[in-house]
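# Working through the structure, step by step
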Amino acid sequence: MATMRAVRLHLPTRTLSVEEVERPVPGPGQVLVKVEAAGVCLSDVHLIDGTLTPLYLPGESVTLGHEVAGTVAESGPEPGRWQVGDRVVLQAGEKRDGITWTRGVDYDGGWAEYALARVDTLFALPESIPFEQGSIIPDAVSTPWGAVTTTGGVRPAEPVGVWGVGGLGAHGVQLLRAIGANPIVAVDPAPAARERALAFGADLALDSADPELAAKIGAATGGAGLAAAFDFAGVPAVREQAMTVLGPHGRLVLVGLTDKPLTITHSIRFSYLQQQILGHYGSEDAAVPQLIALAAGGRLDFSRSVSEVLPLERAAEAVERLHTKQGDPIRLILKP
């Protein structure tokens, strides 16, 4: 029996450990991917701390990791177009009977030497994009892409706000810049995050504790308020604040996950201005290949997004660093 190393989360105790497990064998319509890079996401932190719980996981343990890139190592009986050695990015989930199962949550993910993938959840990764950058496209980039282009429906020249400039929010700023939003206002309590926002394309970066925040956003938008605001932090206070600076018909898009209640304090104003609150999760299937093409074409650059590459054995350290924001990482990458 062939084995491999994998970072496993035991759900009942929320304990994380590196274990020797049986290496999976691809079945019909599957391939086995040798993992070259796997991103560490705040969702992984929330799975470990108990804020999130898998909906469909059949057992008590799971290999984490939903941002994965590597090479095809072995094909099942029906490999389709994929050949051994092909460079690939894995979609962050798959549809089963019309329901989205998330990789590394509802079934085993890529914090391991090898990962199983259904052939229709693979995308070719050009040689011009390093594995570390390719791995973060599913979720770290595709989730804000979906939030901006699909759920939020941002149009060129619309004024927008981004709350929380971490792994998702930083890419949200970059993507909003790419599609022509104007102005882009970033809000974050951390000075390093505000500097990052400006580097990634924000026009204005404000401290959430700034008593003049509403006035500054009003000035930046010519008094119109924001057409769209994105909560990448998953913090109730952020949502309350964003609501106060939305303009007429403004959309608040909830991307960051939290188990706390959602409250509309000024509900009459909300109704009078015909504003909307929109939930967002993941992205459409076309998002990942679109973003790979944009990166390969030089329209997007993810080289600044990889903060550090660590071995599998340091997964717990990576999780802790992301949780405490030590060094203000955008994305930490695990490499088996």
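Computed from a predicted structure; not experimentally measured.

Calculation notes
- Residues numbered from 1 in each chain as written.
- Predicted model: local features only at pLDDT ≥ 70, side-chain atom pairs only at ≥ 80, totals over all residues.
- Heavy atoms only, no water.
- Helix = DSSP H or I, 4+ residues; strand = E, 2+ residues; numbered from the N terminus.
- Rg over C-alpha atoms; globule rule 2.2 N^0.38 Å.
- Buried < 20%, exposed > 50% of the residue type's maximum accessible area, 1.4 Å probe, protein only.
- Areas by Shrake-Rupley, 256 points an atom, 1.4 Å probe, with all protein chains shown as cover.
- Lys, Arg positive; Asp, Glu negative; His and termini not counted.
- Charge placed at Lys NZ, Arg CZ, Asp CG, Glu CD.
- Core = buried A, V, L, I, M, F, W, Y, C linked by side-chain atoms within 4.5 Å.
- Contact = heavy atoms within 4.5 Å.
- pLDDT = per-residue confidence, 0-100.
- Pairing = 2+ DSSP bridges.
- Axes fitted to C-alpha atoms, helices over the stretch in contact; angles between N-to-C directions.
- Patch = residues over 30% accessible without salt bridge, like charges linked within 9 Å, V, L, I, M, F, W, Y side chains within 5 Å.
- Salt bridge = Lys/Arg side-chain N within 4 Å of Asp/Glu carboxyl O.
- Phe/Tyr/Trp six-rings, centres within 6.5 Å; stacked < 30°, edge-to-face > 60°.
- Lys NZ or Arg CZ within 6 Å of the ring centre and 35° of its normal.
- Arc of directions from axis to C-beta.

Turning next to the overall build of the protein chain. Across its full length, the protein chain carries 10 helices and 18 strands. For the protein chain, the C-alpha radius of gyration of 20 Å lies close to 20 Å, the compact-globule estimate for 336 residues. Seen along its three principal axes, the alpha-carbon backbone of the protein chain occupies a region of about 65 × 45 × 40 Å. Burial statistics for the protein chain: of 336 residues in total, 51% are counted as buried. For the protein chain, the accessible surface area stands at approximately 14100 Å², while carbon and sulfur atoms represent 54% of it. For the protein chain, the distance from the average site of its 27 positive side-chain charges to the average site of its 38 negative ones is 4 Å.

Moving on: the nonpolar core. Within the largest apolar cluster, 32 residues are counted, with the highest numbers of intra-cluster contacts made by V40, L90, W111, L122 and L334. Elements with a minimum of two residues in this core: β1 (3-10), β3 (30-40), α1 (42-49), β5 (68-75), β6 (87-90), β9 (114-118), α10 (315-324) and β18 (331-335). Non-local contacts of L90, meaning those with residues more than four positions away in its chain, are made with V33, V68, R103, A115, A117, T121, L122 and P138. With 23 residues, the next largest nonpolar core counts A147, V160, F200 and A202 among its residues.

Here the focus is the confidence of the model for the protein chain. Counting all residues, the mean pLDDT for the protein chain is 93, and 100% of those residues have values of 70 or more. Taken element by element, the protein chain is modelled with least confidence in α1, mean pLDDT 88, and with most confidence in strand β12 (residues 184-187), mean pLDDT 98.

Attention now goes to unusual backbone geometry. The amide bond that connects N182 to the next residue, P183, takes the cis arrangement and shows omega of -5°. Residue placement: P183 occurs in the loop between α4 (167-179) and β12. A positive phi angle is found at D97, which is not glycine, with a value near 55°. With respect to the element layout, D97 can be found in the loop between β7 (93-96) and β8 (99-102). According to the relative accessible area criterion, D97 is exposed, its value standing at 82%. We note that K325 has phi near 60°; this positive angle belongs to a residue other than glycine.

With that settled, consider the sheet that holds strand β2 (residues 15-22). Taken together, the 3 strands give an open sheet; going across it, the order is β2-β1-β4, and neighbouring strands pair in antiparallel fashion. Every interior strand has two partners, whereas the edge strands, β2 and β4 (61-63), have only one. Sheet twist, expressed as the mean angle between neighbouring strand axes with direction ignored, is 40°. Across 8 bridges, β1 lies against β2 in antiparallel orientation. When the sheet's bridge partners are listed, H10 is paired in β2 with T15.

This brings us to a nonpolar patch on the surface. Where nonpolar side chains cluster on the molecular surface, the patch consists of L55, Y56 and I99 and spans about 290 Å² of accessible area. The residue Y56 is located in the loop between α1 and β4 in this model.

Given two aromatic rings, one states the distance between the centres and the angle between the planes to describe the pair. Under the definition given, this model contains 2 aromatic pairs. Where Y56 meets W101, the ring centres are 5.4 Å apart and the plane angle is 20°; that geometry is what we call stacked. With Y56 in the loop between α1 and β4 and W101 in strand β8, this pair connects stretches of sequence that are 45 residues apart. Their ring planes at 20° and their centres at 6.1 Å tell us that F230 and F232 sit as a pair that is stacked. For the pair formed by F230 and F232, the shared burial category is buried. Here the basic side chain of R81 rests over the ring of W82, its NZ or CZ set 4.1 Å away from the ring centre. One Lys or Arg, R87, reaches over the ring of F131 and ends 4.1 Å from the middle of that ring.

On the basis of which strands lie adjacent, the open sheet formed by 6 strands has the order β13-β12-β11-β14-β15-β16 and parallel pairing. One side of each edge strand has no neighbouring strand; the edge strands of this open sheet are β13 (204-206) and β16 (276-279). When the angles between neighbouring strand axes are averaged without regard to direction, this sheet yields 20°. α4 contacts β11 (160-163), β12 and β14 (226-231) of the sheet and is inclined by roughly 165° relative to β11.

Let us now look at the side chain of H46. Tracing the sequence through the fold places H46 in helix α1. Discounting chain neighbours no more than four positions away, the residues touching H46 are T51, L52 and L257.

Turning to helix α5 (residues 191-200), a few remarks are in order. Those residues of α5 that fall on the buried side of the exposure criterion are A193, R194, R196, A197 and F200. Each buried residue of α5 sits inside an arc of 160° when the element is viewed along its axis, so together they form one side. Where α5 ends, the next residue or the one after it, G201, has phi of about 125°, a positive value.

Along the chain, P130 falls in the loop between β10 (122-124) and α2 (131-135). Relative accessible area serves as the criterion here: at 32%, P130 is assigned to the partly exposed category. Between the alpha carbons of P130 and S303 there is a distance of 8.9 Å; along the sequence they are 173 residues apart. If we ignore the near neighbours within four places in the chain, the residues touching P130 are R87 and L125.

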